[in-house]
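# Topology and contacts: notes
The residues making up each chain are set out below.
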Amino acid sequence: MSIQRVSSKWTKTVVLQRSRTVNEYIPVTRQYNRQTLERMTELFELNYIKPDHGTYGNGVMRVKTIHTFSPSSPGSDTEEKGTEDIDHLLSASSLPESSNQDSGISSIRVTSYQLQHGTKQELYPSLDELHKALEGRIQGNTYLIQQGIPLLKHEGLPFDLRVLTQKNLKNNWETTGILGRIAAPGKIITNIHGGGRLATFEELVMPHLHTSRFQKLRSELYRLGIHTAVQLQKSFPRLKEIGIDIALDETGRPWILEVNTLPGIYAFGLLPDKEAYRKIKRYAIAYGRLPSKKKKPARHTTKSQASSSTAKSRAR
């Protein structure tokens, strides 16, 4: 029986949200459209926009909402700009005009949006212009918009974690490994294919947490891997392995960014813990992800066969 794969991020998110335990770890996630873009940018400073189907971080974009205050004083040329510009400023602001009674100067909060894809950054003065730019990149495909989590950093670079959970030899779910991925300078994704690099869980997290908190987090992630797998299996019974991308926010709280049902396993072989990697491969062989190692049959050399034929001929 083949291993089940689920490519739609939205489908997996909906299934996971049905679990009260797992849902607590999921950032606010919606299907992308103009309305959800407006709402999410009002709620969160950072939002990630990513394709519903896709791997290796391809197509992922980040929107940062930027608020600035533009001073205006009575009698200034603001009134001469016309109602169109005034309406634009007010529509970009979710706060009313504030005033400084001592100076007689009032200010209006103006909102702009920074869009980043790859290492390129673009600034848009209105939500409509941002949405138009996003539509140009989305090109009619299904995308999601997700609350951005400010990641912990290692040597100034953001990192996340990959938690691997597999079916073991008793057909029970078992979390078998955690590794870390550090983003390349200037990048918004940590994927190795996008220039990120590997690190151990301990190397990345221990500098941020006391020993007891670190041990508690490790146990929490191992349990979360199993809870996530069990919940997904309710809808996808032929799952055998999952890889969970975990963000740690600035307090050390874990968040599920997404779940991969065809997780890479060879990266674990590059880490120092070779025993853990041997277990990962053993389980993957047992449920059919990797081919089993069979002993090759003994081979008889052509020379020995020829010698045997010559001896038989002479005996005759």
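Below: a short report on this structure. (Residues numbered from 1 in each chain as written. Predicted model: local features only at pLDDT ≥ 70, side-chain atom pairs only at ≥ 80, totals over all residues. Heavy atoms only, no water.)

### What about the overall build of the chain?
Counting secondary structure elements, the chain contains nine helices and 13 strands. The burial tally for the chain puts 45% of its 316 residues in the buried class. In the chain, the share of contacts with a sequence separation of at least 24, taken over all contacts with a separation of at least 6, comes to 62%. Surface exposure of the chain reaches about 18200 Å², of which carbon and sulfur atoms provide 50%. (Helix = DSSP H or I, 4+ residues; strand = E, 2+ residues; numbered from the N terminus. Buried < 20%, exposed > 50% of the residue type's maximum accessible area, 1.4 Å probe, protein only. Contact = heavy atoms within 4.5 Å. Areas by Shrake-Rupley, 256 points an atom, 1.4 Å probe, with all protein chains shown as cover.)

### Notes on helix H5 (residues 127-138)
With 12 residues, H5 extends 16 Å between its outermost C-alpha atoms, agreeing within 8% with the 16 Å of an ideal straight helix rising 1.5 Å per residue. Among the residues of H5, those classed as buried are Leu127, Leu130, His131, Ala133, Leu134 and Ile138. The buried residues of H5 occupy an angular sector of 160° when the element is viewed end-on, so they sit on one face. Gln139 sits one or two residues past H5 and shows a positive phi near 55°. (Expected span 1.5 Å × (residues − 1). Arc of directions from axis to C-beta.)

### Remarks on empty space enclosed by the protein
All told, the structure shown has one cavity of 30 Å³ or more when counted by the stated rule. Approximately 100 Å³ is the volume attributed to the largest cavity. Residue lining of the largest cavity: 13 residues in total, with Lys9, Thr13, Leu257, Glu258 and Val259 positioned closest to the centre. Across the lining of the largest cavity, the residue classes break down as six nonpolar, three polar and four charged. (1 Å grid on protein atoms, 1.4 Å probe; cavity = no way out; pocket = protein on both sides within 12 Å on 5 of 7 lines; lining within 4 Å. Points joined across faces, edges and corners; volume = space filled by probe spheres on them. Nonpolar A, V, L, I, M, F, W, Y, C, P; charged D, E, K, R; others polar.)

### Focus: the layout of surface pockets
Volume-wise, the largest pocket comes out at about 1000 Å³. Along the wall of the largest pocket there are 46 residues; nearest its centre are Tyr56, Arg162, Arg181, Asn191 and Asp245. Contributing elements (two or more residues each) for the lining of the largest pocket: helix H1 (9-17), strand E2 (46-51), strand E7 (143-147), strand E9 (157-167), strand E10 (173-182), strand E12 (241-248) and strand E13 (254-260). Sort the elements by how many residues they give to the lining of the largest pocket and E13 lands first, with four residues. For the lining of the largest pocket, the class distribution of residues is 22 nonpolar, 15 polar and nine charged.

### Brief notes about helix H3 (residues 34-43)
Helical periodicity: at 3.6 residues per turn, an α-helix aligns residues three or four positions apart in one direction. By the burial criterion, the buried members of H3 are Thr36, Leu37, Met40 and Thr41. What you see down the axis of H3 is that its buried residues fit within an arc of 125°, all on one side. Of the residues flanking the start of H3, the one acting as N-cap is Asn33, its side-chain oxygen 3.0 Å from the backbone nitrogen of Gln35. (Polar contact = N/O pair within 3.5 Å; in protein donor to acceptor, adjacent residues only side chain to side chain.)

### Thoughts on the environment of Tyr277
Inspection of the secondary structure assignment puts Tyr277 in helix H8 (residues 274-286). As a C-alpha pair, Tyr277 and Thr176 span 101 residues in sequence and 8.4 Å in three-dimensional space. Look past the residues within four positions of Tyr277 in its chain and what remains in contact with it is Ile265, Tyr266, Phe268 and Gly269.

### A look at the environment of Pro291
Turning to its location among the elements, Pro291 is positioned in the loop between H8 and helix H9 (302-315). Put simply, Pro291 and Lys281 are 10 residues apart on the chain and 9.8 Å apart in space, counted from C-alpha to C-alpha.

### Digging into the pattern of salt bridges
Considering all chains together, one arrives at 14 salt bridges under this definition. One salt bridge in this structure joins Arg162 and Asp245, with 2.8 Å as the shortest N-O distance. Of this pair, Arg162 sits in strand E9 while Asp245 sits in strand E12, and the two are 83 residues apart along the sequence. As far as the burial class goes, Arg162 and Asp245 line up, both buried. The shortest N-O distance in the salt bridge between Arg278 and Glu275 comes to 3.1 Å. Placement of the pair is Arg278 and Glu275 together in helix H8, with a separation of three residues, close to one helical turn. A residue is classified by how much of its surface remains accessible, and Arg278, at 45% relative accessible area, is partly exposed. (Salt bridge = Lys/Arg side-chain N within 4 Å of Asp/Glu carboxyl O.)

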